[in-house]
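Each chain, written out:
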Amino acid sequence: MTALDQALLAYGKSQAYPFHMPGHKRRFPQSFDPNLMDITEIDGFDDLHDAGGMIADIERELAELYGVAQARLLVGGATLGNLVSLLSHLEPQDTLLMARNCHKSIYHGAILGRLSVEYIYPQALTNGLQGPVRAASVQEALCAAEKRGQKIKLVAITSPTYEGVVSDLSAIAQIAHTHGALLLVDAAHGAHFGLHPYFPPSMADQGADLLVISLHKTLPFYTMTAALLLPDGSWADRERVANLIDYLETSSPSYILMGQAAAALRFLRQEGEARFRENARDLKQFYKACEDLRALRILRTDDPGKIVISCARTSLTGQRLMEWLREEYQLELEMASFDYVLAMTSLMDTSEGLRRLQDALFEIDALLAGEADRRHVLREERQGEQKAICGVDRVIDHTLVYGPRRKILEPWQALRKKWEEMDLEECAGCISRDSILLYPPGIPLVHSGEEITEEVVRYLKMALADGLKVQGLRDGKTRVLV
Ligand SMILES: Cc1ncc(COP(=O)(O)O)c(C=O)c1O
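This section reports on the structure supplied with the text. (Residues numbered from 1 in each chain as written. Predicted model: local features only at pLDDT ≥ 70, side-chain atom pairs only at ≥ 80, totals over all residues. Heavy atoms only, no water.)

### Here we look at the site of the ligand
Around the ligand lies a shell formed by G77, A78, T79, N82, H103, T158, D186, A188, H189, S214, H216 and K217. Where the shell around the ligand is concerned, the elements lending two or more residues are α4 (77–89) and α8 (215–218). Here the shell around the ligand gets 4 residues from one element, more than from any other, and that element is α4. (Near = heavy atom within 4 Å. Helix = DSSP H or I, 4+ residues; strand = E, 2+ residues; numbered from the N terminus.)

What follows is the structure, encoded as structure tokens:
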């Protein structure tokens, strides 16, 4: 078997084009020799945990770039930012009001903090994707909690989503604040917002108290680099945030990552505008051309940087389309779902890269549309097949896939109970010990302490049949509470 380092080098040198993270797309101009950059906190090189020199400069520059009062550079990803945000403001037994489509790091924070969780479900979009969190849903949930005598201290939502769907932060923040709660926005996918008018505006002035961004997802930063932003007027407690960063982040933060962050900021300053301009031009051209696709379809969201390609009208599954793009065209995408794939772009993409994707989609589309008469039949056949395997249609409503579940125990409590393994086939009606999710996007279909429904079993079987990556199953078995 090839060793990881050799496989990485081979992939890096191959013709494969990365429509996936990180956002530098292997084109960051500065080449670092990790052997030279990798040091520890020797004199003169500052200390991330007590920044006062060069690392403080990076944080100041981040704060300026995003127009916030304070920015903390993180080398543990948005995951760390989410954990810090929750654990710095909530005590055990507190109730967290969170959007159900939050990333698993928010779920993990709730477990570590022994929190009680209540969910807000995002709106359904007509194209089947999970939509924004409505301010009215937040209001309803907060009022309902108050009626139950629960004090919600913090509301957590994801905006933008993986696919680029944005929620109305200003309205949600206002409601949260009226009820005395802080608003944490997991904006892991929005580090590029506000940096060019083609993309959605900055989130800094929309009332969030804690904004978590993954610099590495959509900007030219190395993987794991992220920031926790505290906007002007934030209700967040800076001291507690600092404590939690200190407790949870490694005491040996990587100078390779921090050094690259300094260089990436310089790169954005010097070349960002021109690169964003070219990227916007290429994306506009791409979307215009793709209007002529006949079988495949581009699902537009709020963020044009996320290219969501639906195969729902074809005989293909998302996974098959992703494999087709990889095997025939050497295009490596970020994610496949049941009936769409996601290509992630950044200002580092090339015109040629987008052109390759466009050409590939048209070639595939021509084959699928050439089967126009058969297509209907194929789709029917596929649906029939799927129905036979899983008992559900292929027409996917993602708000149902991630739909409401019955919480029997708090997640942290469920993890302390006795469990046994059970075949997926037989576990409907049981309480899940684990969080079971597709990764990506990392949103649970069923979470620890929730009832596994027939519907969950059907979607999991469909995901396994499609070849999607399912986490939380062991050799196809579930762990259920006894
Ligand atoms: C919405 C969301 N939040 C948080 C994260 C975690 O980010 P990171 O990989 O920077 O830790 C992800 C990762 O994909 C994500 O999709």
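### As for the environment of K288
Tracing the chain through its elements places K288 in helix α10 (residues 255–290). Classification of K288 as exposed rests on a relative accessible area of 55%. Spatially, the C-alpha atoms of K288 and M54 are 44 Å apart, while their sequence positions differ by 234 residues. (Buried < 20%, exposed > 50% of the residue type's maximum accessible area, 1.4 Å probe, protein only.)

### Topic: the side chain of Q206
Within the secondary structure, Q206 is located in the loop between β6 (182–186) and β7 (210–214). Within the structure, the side chain of Q206 is placed 2.9 Å from the backbone oxygen of S202, a separation counted as a polar contact. Not counting the four nearest positions on each side in its chain, Q206 is found in contact with L169, S170, A173 and P201. (Polar contact = N/O pair within 3.5 Å; in protein donor to acceptor, adjacent residues only side chain to side chain. Contact = heavy atoms within 4.5 Å.)

### Let's talk about the pairing of strand β3 (residues 95–99)
Within β3, 5 of the 5 residues are buried, leaving the element largely enclosed by the surrounding structure. Neither face of β3 is left uncovered, since the one carrying T95, L97 and A99 and the one carrying L96 and M98 both have all their residues buried. Here 5 bridges tie β3 to strand β4 (residues 116–120), and the two strands are oriented parallel to one another. Bridge pairing links L97 to E118 in β4. (Pairing = 2+ DSSP bridges.)

### Let's talk about the sheet that holds strand β13 (residues 340–344)
Ordered by their spatial adjacency, 4 strands build an open sheet running β9-β10-β13-β12, and the pairing between neighbours is antiparallel. Since the sheet does not close on itself, it has two edges, and those belong to β9 (297–299) and β12 (335–336), each with one partner. One ladder, built from 3 bridges, connects β9 with strand β10 (residues 306–310); its direction is antiparallel. From the neighbouring strand, I298 faces β10, where its bridge partner is I309. Contacts from α10 reach β9 and β10, with the element oriented near 15 degrees to β10. (Axes fitted to C-alpha atoms, helices over the stretch in contact; angles between N-to-C directions.)

### A closer look at the sheet that holds strand β16 (residues 443–446)
Strand order in the open sheet formed by 3 strands is β16-β15-β17, with antiparallel pairing between adjacent strands. Each of the sheet's edge strands pairs with one partner strand only, and the pair in question is β16 and β17 (470–471).

### Thoughts on the environment of Q471
Relative to the helices and strands, Q471 resides in strand β17. Between the C-alpha atom of Q471 and that of L438, which follows or precedes it by 33 residues, the distance is 6.1 Å. The residues touching Q471, leaving out its near neighbours within four places in the chain, are K104, S435, I436, L437 and Y439.

### Quick notes on the pairing of β6
Counting buried positions along β6 yields 5 of 5 residues, so the element is predominantly enclosed. Two elements, strand β5 (residues 152–158) and β6, share 5 bridges in a ladder whose sense is parallel. Within β6, the position partnered with I157 by the bridge is V185. Where the polypeptide runs from β5 across helix α7 (residues 169–178) and back to β6, its parallel neighbour, the crossover connection is right-handed. Inspection of the sheet shows β6 paired to β7 by 3 bridges, in the parallel sense. When the bridges of β7 are listed, D186 appears paired with V212. (Right-handed = clockwise from strand over helix to strand, strands pointing away.)

Nothing here speaks to function; it is all geometry.
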